[in-house]
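# Chain and residue survey
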Amino acid sequence: MNYSSAKPKKLFLNCIISAMKSIVPKGIFLTSLFLIISGTAFSNDCYTINGESLEDNTNTRPFVCFPHDEHNENAGLDDNCARCHHVYTDGQLMPDESSEDSSCSECHMSQEKPNDLDLIVRYHKLCRSCHLEEKKGPITCGECHKKP
Amino acid sequence: MTESNTVTPVKEIDDKGILKGVEQLTPEKIESTILQVLKDETGAKLKVYVDTCVHCAMCSEGCHFFLSMDRDPKYSPAAKVKQTLWEIIKKKGKVSPEFIKNAAVVAFTQCNLCKRCAMYCPFGIDIAYVISVMRRICHKLGVVPLYIQDTAHSHSVSMNQMWVKDDEWIDTLMWQEEEAQEDIENLRIPLDKEGADIFYSVIGPEPKFRAQLIYQAAVIMNAAGENWTMPSMPGWDNSDMCMYIGDYEMMERLKKEHFECAANLRAKRIVMGECGHAFRSVYDMGNRALGWRMPPVEVVHAIEYYNELFENKKIKIKHKFDRPVTLHDPCNIVRGRGLHEMSRNVVRATCETFIEMTPNREHNYCCSAGGGVINCGPPFKNARVASGKEKAQQLLAAKAKGAEVVIAPCHNCHGGLEDIIHSFGVDMELKFLGDIIYEILDLPEKEE
Amino acid sequence: MYSHYEFVTGPFAWMAFLIFIFGSIYRFYSLYKLARKKDGAVFEYMDLKFALRSIGHWLTPFGSRSMKLNPSMTVVTFLFHISLFLVPIFVFGHVVLWKENFDISWFTLPNIVADIMTLIVICSCAFFLWRRIKLPEVRYLTTVGDYVILLIVAAPFITGFWAYHQFPGFAAITIIHIISGEIMLIAIPFTKLFHMFTFPFTRGYIGSEFGGIRMAKDW
Ligand code: SF4
Ligand code: SF4
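These numbers were taken from a predicted model, which means no experiment stands behind them. (Residues numbered from 1 in each chain as written. Chains lettered and ligands numbered in written order. Predicted model: local features only at pLDDT ≥ 70, side-chain atom pairs only at ≥ 80, totals over all residues. Heavy atoms only, no water.)

This part is about the overall build of chain B. Summing up its helical and strand segments, chain B has 22 helices and 8 strands in all. Taking 448 residues into account, the globule formula puts the C-alpha radius of gyration at 22 Å, and chain B, at 22 Å, falls close to it. In terms of overall dimensions, chain B has C-alpha extents of about 80 × 50 × 35 Å along its principal axes. By the burial criterion, 67% of the 448 residues in chain B qualify as buried. (Helix = DSSP H or I, 4+ residues; strand = E, 2+ residues; numbered from the N terminus. Rg over C-alpha atoms; globule rule 2.2 N^0.38 Å. Buried < 20%, exposed > 50% of the residue type's maximum accessible area, 1.4 Å probe, protein only.)

Here it is, written out as structure tokens:
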């Protein structure tokens, strides 16, 4: 959210601006942001992103809270489930199909030797590519993987 | 921060060789000479050494100059490179005559080329090599301390270090032969004998100042019943000050003469007296300069030879040397040839009580005289002796453990240690291994 | 911010890696060529056995007298170099990036270990800085470049620590972290950092000389 104003100016200037913004205590900052921008009450609907498969790993970054409904509302994705819940058949994106009913790991960890990382990088790529495209939303590690 | 500001000029020196040499320098001459040496005579080795050095000063602990001069940073090995080749390379040879003057003093009188620091630098950077390059530049610029330059001149005129004339040499040998006949009747110093097992060579200063060493050697050779010879012609001197001033052309001539002299007599091998720098010149630098990976004629240092004598029981001793001794490990034959265990064998075979000085073997402190430093003569004597402080403490510690005699199987070390022993009131007696062996040698009864 | 992110993780990252790889290869190649031309003897005396013997001693903590005489430096140097190597290669956040971009992955360090190692690197840099300023023999040798290098090395770890712990401004710091890492890569072939590649050769050579010709230890 705090990136919406960031037009590509001078790199360090921007970095400093966003650094300043982050100095505001996190809770207050987020809450007020939601109140102001979306006008809805703060709802804590974290989606566990196939949490079990990553639970044992002590090397990974903190758990990501993904507020599904809010995200979609803010991003104007209400009707476009397939933007994330896509379906590929034989490597081809099926534009008219969506996959909300199945879990990500069904496809993305179906290889012979499933690896946590395979799933992890899918999320990273999916989220970040869109955020970069839209120039909105978090892109660096800590912005999603918030320290508890 | 330019580095030239941090290079402190040396105290006024009184050396005609350097002062007169510097007077004749012009910036153009300095630059072209330096570029010639850097471009034609050095390569990746120098570059890697200078570029790799991370300025960590771990080498400092390796250098007795640094330790003796109360850890004055100017004397750390890398600091000597800073005062010489760093700056030269950085400025691409555009340095002042004043800079060359300081660099010459550093290169000739503040480094014994002992390579101890290479064992303390984590990268094994061979500072001695870098300093040799500086000396080479100085030589080509004609900025060399007078006294050592004189010995080099002597080498090029007479093929020996001490202006010994050909007839004087033969005279000296005959005189020593006569002296030695006091010990062994009919003793001979065989001259120019073809096909001998041993070609015995010495350094120029032996006939000049320490002629008794020649008769001691003759007595030992005779007692061992060796088939040996000494040359009557130039080539008898295995010493090499040209190597130390960076006159490598002359070094090559000298070594060639020496090896050829032995080869012409079809000698099986060369045995040399107790000298370190001469060993370096035949085993390390001279042979390589001539293109020989290893010396073309086998070269055996006196220590190795003595060790053989005792191992093969070729000589007998009356009794062991009874005063407690300690042993100095000379750089050129210990870090240069690993003879430290052999010298200990010999000491144990000849002496009753042996007390190690610490550190020892490869880590022994230098005598501060080697690398041609003592040959730079009186103008630098005080500084040289002062840099032996650490050595003096090491000797005193050995003395405190009971040692009375220091054995130093090297001429340079003898010179250096003698000065240190006197100046620091160490008060120990100094001997060559040959002195000890000669003293206790069991000679056949002389018929009266 | 978005375009900066794309730049530092895209073209600039490629450039950094390419300069690092090809710059290092070039440095090596030119040194090799020069050595072949001018220092033939080096190849003559190089001896694998003695080179490895020497390198082995110097890669063993307190394996040389020099290290024993400088215990603090020895401990710091070893911890520093080990951490300096392991963290960037094995920290989870980086392995994920390899996986994302090249679909390769390997062992990762537990977070707490990577965190401690990062602190080790930062503290070691502080120690080296202290040494440079405080010890006369080190200060005498120190040039501006030495401080710059210390900064180049410390920066990715300071910013990495910052970003990982999400101290204020971490998002921007993450981008600076990426840039500082890339600067370090670029610096390796052209600065004293190249010592990481020359070490086996300088040590190996003196080890060969001492072992094969001089019959002496060099540690
Ligand atoms: S005197 Fe020996 S230890 Fe000191 S710098 Fe010269 S070679 Fe190194
Ligand atoms: S120990 Fe080696 S790297 Fe460190 S300053 Fe001395 S020569 Fe340079």
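This part takes up the domain arrangement of chain B. Residues and elements named next belong to chain B. When its domains are assigned, chain B resolves into domain 1 (3-144) and domain 2 (147-448). The centre of domain 1, based on its C-alpha atoms, is set 29 Å off from the matching centre of domain 2. The tally of links between domain 1 and domain 2 comes to 2 salt bridges. Seen at the junction of domain 1 and domain 2, the total is 15 residue pairs in polar contact (both at pLDDT 80 or more). Those elements that place two or more of their residues in the side of domain 1 that touches domain 2 are helix H5 (64-68), helix H7 (97-109) and helix H8 (127-141). For the side of domain 1 that touches domain 2, a count of residues per class yields 13 nonpolar, 6 polar and 7 charged. (Domains from an automatic or database assignment. Salt bridge = Lys/Arg side-chain N within 4 Å of Asp/Glu carboxyl O. Polar contact = N/O pair within 3.5 Å; in protein donor to acceptor, adjacent residues only side chain to side chain. Nonpolar A, V, L, I, M, F, W, Y, C, P; charged D, E, K, R; others polar.)

Across the contact, 43 residues belong to chain C and 59 residues belong to chain B. Carbon and sulfur atoms make up 58% of the area that chain C and chain B hide from each other, which totals about 4,400 Å². Summed over the three residues of chain C that lose the most area to chain B, namely C:Tyr140, C:Leu141 and C:Arg214, the buried surface amounts to 18% of that side. Summed over the shared surface of chain C and chain B, the result is 5 salt bridges. C:Arg27 is paired through a salt bridge with B:Asp51; the nearest N and O atoms lie 3.7 Å apart. (Contact = heavy atoms within 4.5 Å. Buried area = accessible area lost by both parts, 1.4 Å probe.)

Where 2 pairs of chains are in contact, the pair with the most contacts is made of chains B and C. Looking at chain A next to chain B, you find no contact at all, with the nearest C-alpha pair sitting 29 Å apart.

Residues and elements named next belong to chain B. Around ligand 1, 13 residues are found, and the nearest of them are Cys 63, Cys 111, Asn 112, Cys 114 and Cys 117. Those elements that provide at least two residues to the shell around ligand 1 are H5 and helix H6 (77-90). In the shell around ligand 1, the residues fall into 7 nonpolar, 3 polar and 3 charged. (Near = heavy atom within 4 Å.)

Moving on, we come to the site of ligand 2. With respect to spatial proximity, 13 residues lie near ligand 2, and among them B:Cys53, B:Cys56, B:Ala57, B:Cys59 and B:Cys121 are the closest. Each of chains B and C places residues near ligand 2. Grouping the constituent residues of the shell around ligand 2 by class yields 12 nonpolar, 1 polar and no charged.

One pass over the full model with this rule turns up 25 aromatic pairs over all chains. Seen in terms of ring centroids, C:Tyr32 and C:Phe43 are 5.7 Å apart; in terms of plane orientation they differ by 85 degrees. Their pairing is edge-to-face. Of this pair, C:Tyr32 sits in helix H2 (residues 11-38) while C:Phe43 sits in helix H3 (residues 40-45), placing them 11 residues apart in sequence. Through a chain of ring-to-ring contacts, the aromatic side chains of C:Trp14, C:Phe17, C:Trp98, C:Phe102 and C:Trp106 assemble into a single cluster. Sitting over the ring of B:Tyr129, B:Lys45 keeps its end group 4.3 Å from the ring centre. Over the ring of C:Phe210 we find C:Arg214, and its NZ or CZ is 5.9 Å from the ring centre. (Phe/Tyr/Trp six-rings, centres within 6.5 Å; stacked < 30°, edge-to-face > 60°. Lys NZ or Arg CZ within 6 Å of the ring centre and 35° of its normal.)

All names here are of chain C. Side chains of Trp 14, Phe 17, Leu 18, Ile 21, Phe 22, Ile 25, Phe 102 and Ile 104 sit close together on the surface and give an oily, nonpolar patch of about 790 Å² of accessible area. Its location among the elements puts Ile 104 in the loop between helix H7 (92-102) and helix H8 (111-134). We classify Ile 104 as partly exposed; its relative accessible area is 38%. (Patch = residues over 30% accessible without salt bridge, like charges linked within 9 Å, V, L, I, M, F, W, Y side chains within 5 Å. Areas by Shrake-Rupley, 256 points an atom, 1.4 Å probe, with all protein chains shown as cover.)

It is worth spelling out the sheet that holds strand S4 (residues 299-301) of chain B at this point. Residues and elements named next belong to chain B. With parallel pairing, 4 strands are arranged side by side in an open sheet as S2-S1-S3-S4. Two strands bound the open sheet, and with one partner strand each, they are strand S2 (228-229) and S4. The pairing of strand S3 (residues 269-272) with S4 spans 3 bridges and is classified as parallel. Across the sheet, Ile 270 pairs through a bridge with Val 299, a residue of S4. (Pairing = 2+ DSSP bridges.)

Bringing the pattern of salt bridges into the picture now. Inspection of every chain in the model, using the stated rule, returns 43 salt bridges over all chains. Residue B:Arg323 is joined to B:Glu429 by a salt bridge in which the shortest nitrogen-to-oxygen separation is 2.8 Å. Remark: B:Glu429 occurs in strand S8 (residues 429-431) and B:Arg323 occurs in the loop between helix H16 (302-311) and strand S5 (325-327); sequence separation between them is 106 residues. On the accessibility criterion, B:Arg323 (28% relative accessible area) is partly exposed. Between C:Arg214 and C:Glu209 there is a salt bridge; the shortest N-O distance is 2.7 Å. The same class applies to C:Arg214 as to C:Glu209, namely buried.

So, about helix H4 (residues 44-52) of chain B. Given 3.6 residues to a turn, an α-helix orients residues that are three or four positions apart in the same direction. Of all 9 residues that make up H4(B), 7 are buried, and the element is covered over most of its length. The complete set of buried residues in H4(B) reads B:Ala44, B:Lys45, B:Leu46, B:Val48, B:Tyr49, B:Val50 and B:Thr52. Against helix H3 (27-41), H6 and H8 of chain B together with H2, H3 and helix H12 (195-213) of chain C lie the buried residues of H4(B).

Describing two packed helices takes the angle between their axes plus the distance from one axis to the other. Running from N to C, H4(B) and H12(C) cross one another at 125 degrees; their axes reach a closest spacing of 10 Å. Considering the angle they form, H4(B) stands oblique to H12(C). For the pair H4(B) and H12(C), the crossing hand works out as left-handed. Side by side, H4(B) and H12(C) meet where B:Lys45, B:Val48, B:Tyr49 and B:Thr52 of the first sit next to C:His195, C:Thr198, C:Thr202, C:Tyr205 and C:Ile206 of the second. (Axes fitted to C-alpha atoms, helices over the stretch in contact; angles between N-to-C directions. Parallel < 35°, antiparallel > 145°, perpendicular 65-115°, else oblique. Left-handed = near helix turned anticlockwise from the far one by under 90°.)

With that out of the way, let us pick up the UniProt feature "transmembrane region" (unreviewed entry) in chain C. All names here are of chain C. Summarizing the sequence annotation, UniProt attributes the feature "transmembrane region" (unreviewed entry) to residues 12-29, 75-98, 104-129, 141-164 and 170-190 in the numbering used throughout. End C-alpha atoms of residues 75-98 are separated by 32 Å, and the span's content is 96% helix alongside 0% strand. Across residues 141-164 one finds 92% helix and 0% strand; the C-alpha atoms that close the span lie 36 Å apart. (UniProt positions renumbered as here; feature names shortened; annotations may be inferred.)

Packing of helix H5 (residues 116-134) of chain A against H7(C) brings their axes to within 10 Å, and their N-to-C directions diverge by 80 degrees. Taken together, the axis directions place H5(A) and H7(C) in an arrangement best described as roughly perpendicular. Between H5(A) and H7(C), the contacting residues are A:Leu117, A:Asp118, A:Ile120, A:Val121, A:His124, A:Lys125 and A:Arg128 on the first element and C:Phe92, C:Val95, C:Val96, C:Lys99 and C:Glu100 on the second. Here the residues of the contact of H5(A) with H7(C) sort into 6 nonpolar, 1 polar and 5 charged.

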